[in-house]
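Residue-level structural notes
The primary structure of each chain is shown beneath.
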Amino acid sequence: MSGKVDLFFKSALSITKEAGKLIRDQIYNRSKKIDRKTCDIDLVTETDKAVENLLITNLSQAFPDHQFIGEESSAEGKKVELTDVPTWIIDPIDGTLNFVHTFPHSCISLALFIDKQPTIGIIYNPILEQLFTAQKGKGAFYNGNVIKVSGQTDLSQALVMYELGTSRDSERKENVKKNIASLIDIVQGMRSTGSAALNMAMVALGGADAYFEFGIHIWDIAAGELIVTEAGGVIIDPSGGAVDRLSRRVLVASSESLAEQLSAKLTQFYPMPVD
Ligand code: LIP
């Protein structure tokens, strides 16, 4: 299977680079065609759709028996179902609001799951030429160089990634405010890129020490999970225990100890799962 995964990886990388050109070509277009999804801060552009279409078209031509879970296909009603069949999980532009604002922190997040396990992870910001990759058991890389998490084990010394999210749900917003107000006096710093995948890439790079969010989707975290764990980090449910990739909740950290310390400080929130 290893030879096959190498082929999957090489093909996916080439197709992702091709798709990245669509983002790079449009990032400075100030009149992007923008549609609203669930609210005025949950947006999709024609570039999101074009990138997802290019990835699915080319990957399904190369691997006809593979399945797909894509953010925009899901938004158009396709059921989100993770089976044992090799499945590509796609966020065509993670950080769409950044892309709309020409804020250059947006990326393609592409993962391959086999038997419901992450096997390939690719996070590519084509605007700043930032490429994070991992294959199961083969380590994590940033622009071809091996990366490792920071190994931070003290929450008071940690730089923690968070997000405000893209829903106007008042209960969720209150939870965000509560956790920021609590953590601001506990951790050394807090940062937000506007992209779950890039937040996870920062943890894998060792540039941040942890990231948590309530309200994400499987396509936001599927690639980042493998890149973080192959860099030596951990992924858990924010309340502790094993992550449920369809629960819309995630916590990654540079060490088991830091993950547990952060989890203990969080006020939990349980988003409605995607049906
Ligand atoms: C975004 C995530 C981010 C989250 C936003 C949104 P999108 O993904 O990367 O972490 O806070 O709500 O889900 O919508 O830009 O692909």
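Residues numbered from 1 in each chain as written. Predicted model: local features only at pLDDT ≥ 70, side-chain atom pairs only at ≥ 80, totals over all residues. Heavy atoms only, no water.

1. Digging into the pairing of strand 12 (residues 210-214)
Counting buried positions along strand 12 gives five out of five residues, so the element sits mostly inside the fold. Covered by surrounding structure in strand 12 are Ala 210, Phe 212 and Phe 214 together with Tyr 211 and Glu 213, the residues of both alternating faces. Judged from the two bridges that link them, strand 10 (residues 159-161) and strand 12 form a sheet pairing that is parallel. Considered in strand 12, the bridge of Val 160 is made with Ala 210. In this sheet, strand 14 (residues 249-253) lies alongside strand 12 in antiparallel orientation, the contact comprising five bridges. The residue bridging Phe 212 from the neighbouring strand is Leu 251, located in strand 14. (Buried < 20%, exposed > 50% of the residue type's maximum accessible area, 1.4 Å probe, protein only. Helix = DSSP H or I, 4+ residues; strand = E, 2+ residues; numbered from the N terminus. Pairing = 2+ DSSP bridges.)

2. A look at the nonpolar core
The biggest cluster of nonpolar side chains holds 37 residues, and the ones touching the most others in it are Ile 89, Ile 123, Met 200, Tyr 211, Ile 227, Val 250 and Val 252. When residues of this core are traced back to their parent elements, those giving at least two are strand 5 (107-114), strand 7 (130-135), helix 6 (196-205), helix 7 (218-230) and strand 14. Here the element with the most residues in this core is helix 7; it accounts for eight residues. The residues that make up this core include at least three from each of domain 1 (2-147) and domain 2 (155-265). The residues contacting Tyr 211, other than those within four sequence positions of it, are Met 161, Tyr 162, Glu 163, Ala 196, Asn 199, Met 200, Val 203, Ile 216, Val 250, Leu 251 and Val 252. Among the nonpolar cores identified, the runner-up in size contains 27 residues, and Ala 12, Ile 90, Ile 108 and Ile 122 belong to it. (Core = buried A, V, L, I, M, F, W, Y, C linked by side-chain atoms within 4.5 Å. Domains from an automatic or database assignment. Contact = heavy atoms within 4.5 Å.)

3. Some thoughts on the site of the ligand
Near the ligand lie 14 residues; those nearest to it are Asp 94, Gly 95, Thr 166, Ala 196 and Glu 213. One nitrogen or oxygen atom from the side chain of Glu 71 is found 3.0 Å from an oxygen atom belonging to the ligand. Within the contact set of the ligand, an oxygen atom lies 2.8 Å away from a side-chain nitrogen or oxygen of Asp 91. Considering each element in turn, the shell around the ligand owes the most residues, three residues, to strand 4 (residues 87-94). Summarising the domain contributions, the shell around the ligand has at least three residues from each of domain 1 (2-147) and domain 2 (155-265). (Near = heavy atom within 4 Å. Polar contact = N/O pair within 3.5 Å; in protein donor to acceptor, adjacent residues only side chain to side chain.)

4. Some thoughts on unusual backbone geometry
Note: most residues except glycine have negative phi, and most peptide bonds are trans. Within the chain, Thr 102 stands out as a residue other than glycine whose phi angle is a positive 60°. For Thr 102, the position within the fold is in the loop between helix 4 (96-100) and strand 5. Not every positive phi belongs to a glycine, and Glu 129 is a case in point at roughly 55°. Tracing the backbone through its elements, the reader meets Glu 129 in the loop between strand 6 (117-125) and strand 7.

5. Quick look at the sheet that holds strand 7
An order of 3-4-5-6-7-8-9 is seen for the seven strands of this open sheet, with the pairing classed as mixed. Two strands bound the open sheet, and with one partner strand each, they are strand 3 (67-70) and strand 9 (145-147). Between one strand axis and the next, the sheet turns by 20° as a mean value, whatever way the strands run. Bridge count for strand 5 against strand 6 is seven bridges, and the pairing is antiparallel. Pairing of Leu 112 across the sheet is with Ile 120, part of strand 6. Sitting on the sheet, helix 2 (residues 46-62) is in contact with strand 3, strand 4 and strand 5, with an inclination near 155° to strand 4. Across the sheet, helix 6 lies against strand 4, strand 5, strand 6, strand 7, strand 8 (140-142) and strand 9, angled at about 75° from strand 7, the strand it touches most. (Axes fitted to C-alpha atoms, helices over the stretch in contact; angles between N-to-C directions.)

6. Here's the deal with the domain arrangement of the protein chain
When the domains of the protein chain are assigned, the result is domain 1 (2-147) and domain 2 (155-265). Using C-alpha coordinates to define each centre, domain 1 is positioned 20 Å away from domain 2. Taken together, the contact pairs 46 residues of domain 1 with 27 residues of domain 2. Each partner contributes to the roughly 2,700 Å² buried at the junction of domain 1 and domain 2, and carbon and sulfur atoms together form 69% of this total. Counting the contacts that link domain 1 with domain 2 gives one salt bridge. Note that Arg 168 and Asp 40 form a salt bridge whose closest N and O atoms lie 2.8 Å from each other. Our count for the domain 1 to domain 2 interface comes out at nine residue pairs in polar contact (both at pLDDT 80 or more). By residue number, the principal contributor to the side of domain 1 that touches domain 2 is strand 6, which donates eight residues. Grouping the constituent residues of the side of domain 1 that touches domain 2 by class yields 21 nonpolar, 17 polar and eight charged. (Buried area = accessible area lost by both parts, 1.4 Å probe. Salt bridge = Lys/Arg side-chain N within 4 Å of Asp/Glu carboxyl O. Nonpolar A, V, L, I, M, F, W, Y, C, P; charged D, E, K, R; others polar.)

7. A closer look at helix 5 (residues 170-183)
The terminal C-alpha atoms of helix 5, which comprises 14 residues, lie 20 Å apart, in line with the 20 Å expected from a rise of 1.5 Å per residue. Within the sequence span of helix 5, burial applies to Arg 172, Asn 175, Val 176, Asn 179 and Leu 183. Along the long axis of helix 5, the arc covered by the buried residues comes to 100°, so they all point the same way. More than 90 degrees from the buried face of helix 5, the exposed residues found are Ser 170 and Lys 178. Looking at the buried side of helix 5, the elements it contacts are strand 11 (189-191), strand 12 and helix 8 (256-265). (Expected span 1.5 Å × (residues − 1). Arc of directions from axis to C-beta.)

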